[in-house]
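In case you want the letters, here they are:
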Amino acid sequence: MKIFEWLKERYDLDSILHIFKEKEVPVHRFSFFYFFGGMALFFFIVQIFSGIFLLIYYQGTADKAYESVKYIMTKVPYGWLIRSIHSWSANLMILCIFIHMFSTYFLKAYRKPRELTWATGFILLSLSLAFGFTGYLLPWNKLAFFATRVGTDMLNKIPLIGTWLGAVARGGEDVTGATLTRFFGIHVTVLPLITLGLLAIHLYFIQIQGMSSPIGEKIKGTMKFFPNFLLRDLLVWIICLAVLAGLASLFPWELGEKADPFSPAPAGIKPEWYFLFMFQALKLLPAHIIGFEGELIGIILFSIGGLLVFLVPFLDKRAEKEEKDPQFKIFGLVALIFILIMTIYAWLD
């Protein structure tokens, strides 16, 4: 191709192509987990393009947010479908990142020399949750308003800096139009910029270091990343697109009632599904534990757990020596079972 040759004369494309041509993917019985990272990337790309479309019509103020979303869904051609695609892809992206993280953990793909790949991936998961939390309020409907109030209340429980964090998140003492404007700015500018930069670093690490082989698993062989694995990855993307289109069309995202700060909170208010395990666990804790607030103890325990997960490549010394360590496997299984049980319990409660 003339365009490729033109670029090749001016830039060192051979070194980039060499990485793709030489990179190999190990083949074993858990190889299908490698696709979840690419699936999360696909849904993130969908988020960007659908979000840009919504941004054309959306107005991030308390008096116009709800009406602008309603206008998108009722007046803009296929606006309801784009909004539904945006909402469904956000949920599917977070689901894929969770699966990707747990599969990476259990396959011990975080071990040396991939410590920073794990660290950047963990931060990307945190950023995706922040995307979900800030984006949930933007339609300015009743459920989102009171769920955001519950979520930001949790920040106030953090020792020493909790009150300050709550005020920074809300833009004041309570959830108001200032909170909406602040969340809107964070959602469409701050988080995308940080995520794109960190994602580029994460993908660079993966391309340079390749994909890890599980400890103790029988490796059946290797597969060339280009074109063999890449074509399979593109096929998975097409399937993801079909699933996303089906969900968005058959189960369109509802708008609900407009938020009214002066109305009472609806019964059974809950956050999005990816926060349910924390919500339910904190809800089940007694009001006071050893003289401290139960929610405070719960938040501290969740923080310690998250820190341990973040530092696991540096704590699991046996993984560096290609040895299995049942302690970390048990820790991961307990965490996974806890998340599943608390999520299901909260959903049925």
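Right above here is the structure, for reference.
Residues numbered from 1 in each chain as written. Predicted model: local features only at pLDDT ≥ 70, side-chain atom pairs only at ≥ 80, totals over all residues. Heavy atoms only, no water.

K.L.:
Describe in detail the packing of aromatic side chains, supporting the description with residues and values.
P.N.:
Applying the stated rule across the entire model yields 27 aromatic pairs. Relative to Phe183, the ring of Phe133 has its centre 5.5 Å away and its plane inclined at 55°; by these criteria the two rings are tilted. Pair noted here: Phe133 is in helix α6 (residues 115-137) and Phe183 is in helix α9 (residues 177-209), with a separation of 50 residues, a long-range link. The exposure class of Phe133 is partly exposed, given its relative accessible area of 23%. For Phe183, a relative accessible area of 3% corresponds to the buried category. Ring pairing ties together the aromatic residues Phe102, Tyr105, Phe106, Tyr110 and Trp118, which thus form one cluster. The cationic tip of Lys23 hangs over the ring face of Phe225; the distance from NZ or CZ to the ring centre is 4.3 Å. (Phe/Tyr/Trp six-rings, centres within 6.5 Å; stacked < 30°, edge-to-face > 60°. Helix = DSSP H or I, 4+ residues; strand = E, 2+ residues; numbered from the N terminus. Buried < 20%, exposed > 50% of the residue type's maximum accessible area, 1.4 Å probe, protein only. Lys NZ or Arg CZ within 6 Å of the ring centre and 35° of its normal.)

K.L.:
Just give me the short version of unusual backbone geometry, but keep the residues and values in it.
P.N.:
Following Lys112, the chain continues to Pro113 via a peptide bond in cis, the omega torsion being 10°. With respect to the helices and strands, the residue Pro113 is situated in the loop between α5 (79-106) and α6. Omega for the peptide link from Phe226 to Pro227 comes to 5°, which places this bond in the cis form. Among the structural elements, Pro227 can be located in helix α10 (residues 225-250). With a phi angle near 55°, Lys108 is a residue other than glycine that sits in the positive phi range. Tracing the sequence through the fold places Lys108 in the loop between α5 and α6. In this structure, Trp140 takes a positive phi of about 60° despite not being glycine.

K.L.:
Talk me through the state of the cysteines; I want residue IDs and the actual numbers.
P.N.:
Taken as a whole and judged by the stated rule, the model has zero disulfides. Just so you know, Cys96 is unpaired, no disulfide at all, and the nearest cysteine sulfur is the one on Cys240, 6.0 Å from it. (Disulfide = S-S within 2.5 Å.)

K.L.:
Talk me through the environment of Ile339; I want residue IDs and the actual numbers.
P.N.:
Locating Ile339 in the fold gives a position in helix α14 (residues 326-348). On the basis of relative accessible area, Ile339 is assigned to the buried category, the value being 18%. Through-space distance from the C-alpha of Ile339 to that of Phe275 is 9.5 Å; in sequence the pair is 64 residues apart. The contacts of Ile339, once residues within four sequence positions are left out, are Phe102 and Phe277. (Contact = heavy atoms within 4.5 Å.)

K.L.:
I'd like a description of the nonpolar core, backed by residues and values.
P.N.:
With 52 residues, the main nonpolar core has Phe43, Phe98, Tyr110, Trp118 and Phe229 as its most contacted residues. Within the residue set of this core, elements represented by two or more residues are α3 (35-57), α5, α6, α9, α10, α11 (276-284), α12 (294-315) and α14. For this core, the leading source of residues is α5, giving eleven residues. Of all hydrophobic cores here, the second largest spans 17 residues; its members include Ala65, Met73, Leu138 and Ile269. (Core = buried A, V, L, I, M, F, W, Y, C linked by side-chain atoms within 4.5 Å.)

K.L.:
Explain the side chain of Ser128 to me, using residue names and the numbers behind them.
P.N.:
Take Ser128: it is sitting in helix α6. Judged by relative accessible area, Ser128 falls into the buried class, the value being 3%. Look past the residues within four positions of Ser128 in its chain and what remains in contact with it is Met93, Ile94 and Ile97.

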